[in-house]
Amino acid sequence: MCGIVGLHLREPSLEPRLGELLTAMLGQVVERGPDSAGVAVYGDPRLSPPGHAVVSLLGVTPAEAEAALPGARALAADATTVVHADLPADDLLAAVTATLPGATVIGSGTDMAVLKGTGNPVELARSFGLAGARGHQGVGHTRMATESAVTPEGAHPFSVGPGQCLVHNGSFANHATIRRELRAQGVEFDSENDSEVGARFIAHQLQQGADLEKALRLLCERFDGFYTLLVSTSDSFAVVRDAIACKPALVAETAEWVAMASEYRALDVLPGIENARIFEPEPEAVYVWRR
């Protein structure tokens, strides 16, 4: 049992409140996942300054990152170090890989920062400084570990492609088989977490030219198990459930925002919820909203 929350803003005047609203949503699903938590924030000028590439890392301090990457700036958010530099995204990622081999990359892109940690999700949100974040989109997850150890690396979101994130409630029964298939195609993994296999599969499909909707349809065809997924990119916000749809999910939509959560109480903190269209996603139906 894990908790998922996500918020996709349509109304720019709400962007200064993204972190405040995401923090409130996350606080409503703590009981679903008290082990660890993580968030991805899109468009925050402190975490991802305009025109800069961003990489989120575990296993390295800000001082170590700045020493290894001249011209880069780094800041701490609990166990995560967020590095940004005035470089193309691929160049910053290559520099991190070359100079910080002991670090684990948990997110990269140009407008997204991923923050992860272990412990109480409310305390982690405070440690992240999440309430002060702004932006156009955010996703969050509270984890109750079932498939792998309680570590920052095992926390969600899993972000394995530029600007891409996946959060997952459930379990993939055939993740070991698909991991072997992806490894045979050259895909590398950072953990034994089943959710990472889903994230790597989607990223691989996007790399091969599929759009997000097709990638999620292919996942439904290939993966066995019980799951609710929220998948985001820099311009998209998508939800899909398995064929039985036993893992909870609700979507709320207004002219100002689209939100998804595991429980209604996480939606009830949003402005205008009384006017929202609220529905439960249908089994294996792929829902995608874009900027």
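Relevant structure appears above.
This text gives an overview of the structure that appears in the document. None of these values were measured; they are calculated from a predicted model.

### Some details on the packing of aromatic side chains
In the structure shown here, the tally under the stated rule is six aromatic pairs. Ring centres 4.7 Å apart and planes at 65° place the aromatic pair F172 and F223 in the edge-to-face group. Highlighted residues: F172 in strand β9 (residues 165-172) and F223 in the loop between α7 (212-222) and β10 (225-233), separated in sequence by 51 residues. With a centroid separation of 5.2 Å and 80° between ring planes, the pair formed by F201 and F223 is classed as edge-to-face. Pair noted here: F201 is in helix α6 (residues 194-207) and F223 is in the loop between α7 and β10, with a separation of 22 residues, a long-range link. The exposure classification of F201 matches that of F223, with both residues buried. Of the aromatic side chains, those joined through ring pairs into one cluster are F172, F201, F223 and Y227. Positioned over the ring face of F158 is K116, at 4.4 Å from the centre of the ring. When the ring centre of F189 is taken as origin, the NZ or CZ atom of R200, which lies over that ring, is 5.8 Å away.

### Topic: the sheet that holds strand β11 (residues 236-241)
Read from one edge to the other, the open sheet built from four strands follows the order β9-β10-β11-β15, with strand pairing classed as antiparallel. Taken across any chain shown, the strands that pair with only one partner, and hence form the sheet edges, are β9 and β15 (287-290). Strand-to-strand twist across the sheet, computed as the mean angle between neighbouring axes with direction ignored, equals 5°. The sheet contact formed by β9 and β10 spans eight bridges and is antiparallel. Its bridge partner being in β10, H168 is matched across the sheet by L229. Across the sheet, α6 lies against β9 and β10, angled at about 130° from β9, the strand it touches most.

### Some thoughts on helix α5 (residues 175-184)
Along an α-helix, residues three or four positions apart point the same way, because every turn accommodates 3.6 residues. Three or more residues of α5 are buried, namely H175, I178, R179 and L182. One side of α5 holds all its buried residues, which, seen down the axis, span an arc of 105°. Facing away from the buried surface of α5 by more than 90 degrees, the exposed residues are R180 and A184. Looking at the buried side of α5, the elements it contacts are β9, α6 and α7.

### What about the sheet that holds strand β1 (residues 3-9)?
If you trace the seven strands from one edge of the open sheet to the other, you get β7-β2-β8-β1-β13-β12-β14, paired in antiparallel fashion. The strands lining the two open edges of the sheet, one partner per strand, are β7 (112-118) and β14 (277-279). Pairs of neighbouring strands in the sheet enclose a mean axial angle of 10°, with direction left out of account. Bridge count for strand β2 (residues 36-42) against β7 is seven bridges, and the pairing is antiparallel. In the strand pairing of β7, V41 is matched with A113. This element, helix α1 (residues 18-27), spans β1, β2, β8 (137-143) and β13 (257-261) of the sheet and lies at about 155° to β1. Relative to β2, helix α4 (residues 121-128) is tilted by about 40°, and along the sheet it contacts β2, β7 and β8.

### A short note on the pairing of β1
Residues in a regular strand project their side chains so that they alternate between the two faces of the sheet. With respect to burial, β1 is a largely interior element, seven of its seven residues being buried. Of the two faces of β1, the one holding G3, V5, L7 and L9 and the one holding I4, G6 and H8 are both buried throughout. Note that β1 and β8 share six bridges and pair antiparallel. By the bridge assignment for β8, G3 is matched with T142.

Criteria and thresholds
- Residues numbered from 1 in each chain as written.
- Predicted model: local features only at pLDDT ≥ 70, side-chain atom pairs only at ≥ 80, totals over all residues.
- Heavy atoms only, no water.
- Phe/Tyr/Trp six-rings, centres within 6.5 Å; stacked < 30°, edge-to-face > 60°.
- Helix = DSSP H or I, 4+ residues; strand = E, 2+ residues; numbered from the N terminus.
- Buried < 20%, exposed > 50% of the residue type's maximum accessible area, 1.4 Å probe, protein only.
- Lys NZ or Arg CZ within 6 Å of the ring centre and 35° of its normal.
- Pairing = 2+ DSSP bridges.
- Axes fitted to C-alpha atoms, helices over the stretch in contact; angles between N-to-C directions.
- Contact = heavy atoms within 4.5 Å.
- Arc of directions from axis to C-beta.

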